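Close look at the chain arrangement
Listed below are the residues making up each chain.
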Amino acid sequence: MMNIKTLLTLCAGLVLTLSCDTRQPAENLSDYVNPNIGSVHSRWFFYTPAAEPFGMAKLGASTNGSYGNNQGWEAIGYEDNHTSIDGFPCMHEFQIGGITLMPITGNIITQPGTLEDPDNGYRSRFDKKDEKAQPGYYSVLLKDYNVKAELTATARVGFQRYTFPQSGQSHILLDIGNRWGESGAVRDASIQQTDANTIEGYVITEPEYVKKYQTGASVPLYFYAKVDKAPQSVDVFYRNGELKPGNTITGAGAGMVLNYATESNETITVKIGLSYTSIANARLNFDTEAGNLNFDQALENTRNKWENSLARIRVSGGTKESKIKFYTGLYHVLLGRGVGSDVNGSYPKNDGSIGQIPLDINGKPSYTFYNTDAIWGGYWNLTTLWSIAYPEYYNDWVNSQVQIYKDAGWLGDGMAASKYVSGVGTNMVSIAMAGAYNSGIRNFDVETAYQAAFKNELGWENRIAGAGKMDVKQFVERGYVPYENSLYYGTHPEGSTFSASHTMEYSFSAYAVAQWAKALGKTNDYNKLMDYSRGWHNLFNDELKLIHPKGVDGKFLDNFNPLESWRGFQEGNSLQYTFYVPQDPAGLIGKVGLDTFNNRLDSIFTEARKSMFGGGKITYAFSGVESPYNHGNQPSLHISWFFNFSGKPWLTQKWTRLICDEFYGTDGEHGYGYGQDEDQGQLGAWYVLAGMGLFDVQGGTPERPTFQLGSPEFDKIEIKLSSVNATGKTFTIEVENNGPENYYVQSASFNGNSLDNCWMYRDELYKGGTLKLRMGASPNMDWGVKVAPPVPQ
């Protein structure tokens, strides 16, 4: 028997051990993510909490997704202030949507109904207190039916679990053959119950942007689903039509109802395999990823994937609000641009046939093929962040673009199941590809990729609408694009309504490919493209010190208003686009004059701050296009970092910190401005970069790219590096004396050595190490001013 002395000694040791072990468990970073932030007036692809990072299966509640999308870009899908739900779609992607399920009880109405009149359809009211949304999971109580719906997903398989009340009339409604979100009109659909527990089918849609940029093409979606309880009976219907007994139905409007009698709190789970290529591959995806998984197992796996992905960047210090903004922004970065290929490497080709990704030595696809919204402006946020923390995804994104080029002959700025959906009629893919190569991401067919990019810059013969830049012939022949508005808000071989903004964009993309050519030793291409990179000079008005559109006669347009949008400028104006010279900040500063440049830029932010940096509190995507600065849209996103090039880096530190604190919010309406366009992670990525104090105006395109330094929101930032493009394991930023008012850098060091530059080379970051910044409440006007960030010419 243990004596009392021994017992007391052991207890004392145990107490000492417990009191000395002060280790805290690692934070669950997903807890900082709130998918509902910014969901008021958001796009179709924005709200899909039940998904893996970069997944194909993207599930979420819809409040008005059944309304469709007339022009292909309007806010539709889910809004935080809506009070009823019309279904749970499995697909939320740019120009893609559908495979929608809805659990109900009682009598069946074969249409969704409206927000104003939910009783006129199968939609149900809900309360916010009964809703839970987090990365990988969504749940809500449907009040009208007393049914709890839960959603999760693997990469290509959606899970929907419903907890029913006791009822002799419980139903699962499949709304397959109708327009959902951005999907466009339905060309055809089919639903078939193949055995007691299995339903399969497809829907073929005609998204508005596909109709515009690849006339006649369509997007097919296929599904293979199993329910864990066989229905007592099955009915079919066409939307707003009569129910009829049956286990198969085809055509637009097609739907099916699985009918049950349920006990109180009985659960029924539906697993839905998805594919863009065939029902057979939907089944293969189902069997491979989820055949042996139940809902809870799938949820645990998906939560772990989210946690691991978010943990690539771990921040500490700062406010809880800033962490919520940071990780919610990073969540949107990882949610956009989903998988397009199947587990066996099948993928949808541009011509409608099925392609095959090459297999590696283990019989696995050598890369994953992705859908993608346009990369317009993405080199100032998405690709820069990918290059730091997610280079393997960036590499697959480039491989996907190269495959499109091989299949269809041209790069595509936006792709929906390989169909061209050029979101803004330009094509900036070349910039992102050059940025990948010059950031050390090169596991792709480099020569083919380069030829695709070179053709994208200067090729105009037989150019197709889906490739964008239909006015590039004018840029090649004149060195600028003339204003020509015979095609309403359009672009054609003789010019464009957005001529000046296109000239600025094409000049930068020419620079990007020129730098890639230089790295590859293609001297003739380099010289030619560098000449085109100076095209912006042709529209610079020396008297006004502004970019000024020219007509086909070569003269500046009359009645010129620097704040007018849509006349020569796409989603912006002259005051914004004059700064669109990331390839030559020194040249722009020289033309404007250093003092004028700095005074103008500072006054722009001073004025824009009054309207929350562009859009004010107007819930509208384009609310800031006629303001001096508009953080809610791509053309302005690099401007606040230009002070690093003009000798006043403390103003970059000030304004980027204030934009983070004031433009970004943490509620449904004030998330990314007020209802402005987050564009598949772009505004979220900007916050993440600025919150770390890192940015790159050139998007990684110089032969030796840099990062410019700003004002971190946090006391410590740890970035896990990848062997894809880095030799180091971790890059750490440590910030001393940080605080809400202490946003000015006083001094810096890197790996123990004093750093007096407001920039560092990317390859230095990739080697790993520690950047230390000491902050203060007043600017140190002697730090970071001696040498501007290099921009190779």
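Scope of this entry: the structure provided in the associated data block. Note that the structure is predicted; figures quoted are calculated from it, not measured. Counting from 1, residues in each chain are numbered in the order their sequence is written. Given that this is a predicted model, residues contribute local features only at a pLDDT of at least 70 and side-chain atom pairs are listed and counted only at 80 or more, while totals for whole chains, interfaces and linings are drawn from all residues. By convention in this description, side-chain values take in all heavy atoms of the structure and omit both hydrogens and water.

Some details on the pattern of salt bridges
Any carboxyl oxygen of Asp or Glu that lies within 4 Å of a side-chain nitrogen of Lys or Arg is treated as forming a salt bridge with it. In this structure the tally under the stated criterion is 37 salt bridges. Residues aspartate 119 and arginine 125 are paired through a salt bridge, measuring 3.0 Å at the closest nitrogen-oxygen approach. Two residues, arginine 704 and aspartate 763, come together in a salt bridge whose shortest N-O distance is 2.8 Å. Taken together, the residues span a long stretch of sequence, with arginine 704 in the loop between strand E31 (694-695) and strand E32 (706-709) and aspartate 763 in helix H18 (residues 762-766) at a distance of 59 residues. Overlapping salt bridges, with partners in common, bring together Arg43, Glu182, Asp677 and Asp679 in one network. Each helix corresponds to a stretch of at least 4 residues labelled H or I by DSSP, and each strand to a stretch of at least 2 residues labelled E; elements are numbered beginning at the N terminus.

A closer look at the pairing of strand E9 (residues 147-153)
Accessible area is worked out with a 1.4 Å probe on protein chains only. A residue is then buried under 20% of its type maximum, exposed over 50%, and partly exposed in between. Along E9, six of the seven residues are buried, which leaves the element largely enclosed by surrounding structure. In short, DSSP must find at least two bridges between two strands for them to pair. In this structure, strand E8 (residues 137-142) lies alongside E9, joined through five bridges in antiparallel fashion. Bridging from a neighbouring strand, tyrosine 138 pairs with leucine 151 of E9. The antiparallel pairing of E8 with E9 creates a hairpin that spans four residues between the two strands, and asparagine 146 there sits at a positive phi of about 55°. Pairing of E9 with strand E10 (residues 157-164) involves six bridges; the strand directions are antiparallel. Along E10, the bridge assignment pairs alanine 153 with glycine 158. Taking the residues that link successive antiparallel strands as the turn, the E9-E10 hairpin has three residues.

Section: the packing of aromatic side chains
Each Phe, Tyr or Trp ring (for Trp, its six-membered ring) is paired with any other whose centre lies within 6.5 Å, and the angle between the two planes then decides the class: stacked below 30 degrees, edge-to-face above 60, tilted in between. Throughout the structure, instances matching the rule amount to 60 aromatic pairs. Ring geometry for phenylalanine 159 versus phenylalanine 295: centroids 6.4 Å apart, planes at 75°, classification edge-to-face. One end of the pair, phenylalanine 159, is in strand E10; the other, phenylalanine 295, is in helix H4 (residues 295-310), with 136 residues separating them in the sequence. Both rings, one in tryptophan 380 and one in phenylalanine 508, keep their centres 6.5 Å apart while their planes meet at 10°; by these two values the pair is stacked. Taken together, the residues tryptophan 380 in the loop between strand E22 (354-356) and helix H6 (382-389) and phenylalanine 508 in helix H11 (residues 499-519) connect sequence positions 128 residues apart. Classification of phenylalanine 508 by relative accessible area gives buried; the value is 0%. One aromatic cluster is present, formed by Phe46, Trp641, Phe663, Tyr664, Tyr672, Trp686, Tyr687 and Phe695 through successive ring pairs. Lying over the aromatic face of tyrosine 137, arginine 303 brings its terminal NZ or CZ to 5.4 Å of the ring centre. A cation over a ring is seen here: lysine 550 above tyrosine 480, with NZ or CZ 5.4 Å from the ring centre. Note on geometry: a ring has a charge over it if NZ (lysine) or CZ (arginine) is within 6 Å of the ring centre and within 35 degrees of the ring normal.

Let's talk about the environment of glycine 98
For glycine 98, the position within the fold is in strand E5 (residues 96-105). On the accessibility criterion, glycine 98 (1% relative accessible area) is buried. On a C-alpha basis, the gap between glycine 98 and aspartate 782 in space is 57 Å, while along the polypeptide they are 684 residues apart. We call two residues in contact whenever any of their non-hydrogen atoms come within 4.5 Å of each other. Setting aside residues no more than four positions away along its own chain, glycine 98 makes contact with Trp44, Pro89, Cys90, Met91 and Trp180.

What about the sheet that holds strand E16 (residues 244-245)?
Strand order across the open sheet formed by six strands is E4-E5-E11-E18-E15-E16, with antiparallel pairing between neighbours. Each edge of the open sheet is held by one strand with a lone partner, namely strand E4 (88-93) and E16. The sheet contact formed by strand E15 (residues 233-238) and strand E18 (residues 254-262) spans six bridges and is antiparallel. Within E18, the residue paired with valine 236 across the bridge is methionine 256.

None of the figures reported here should be taken as evidence of function without further support.
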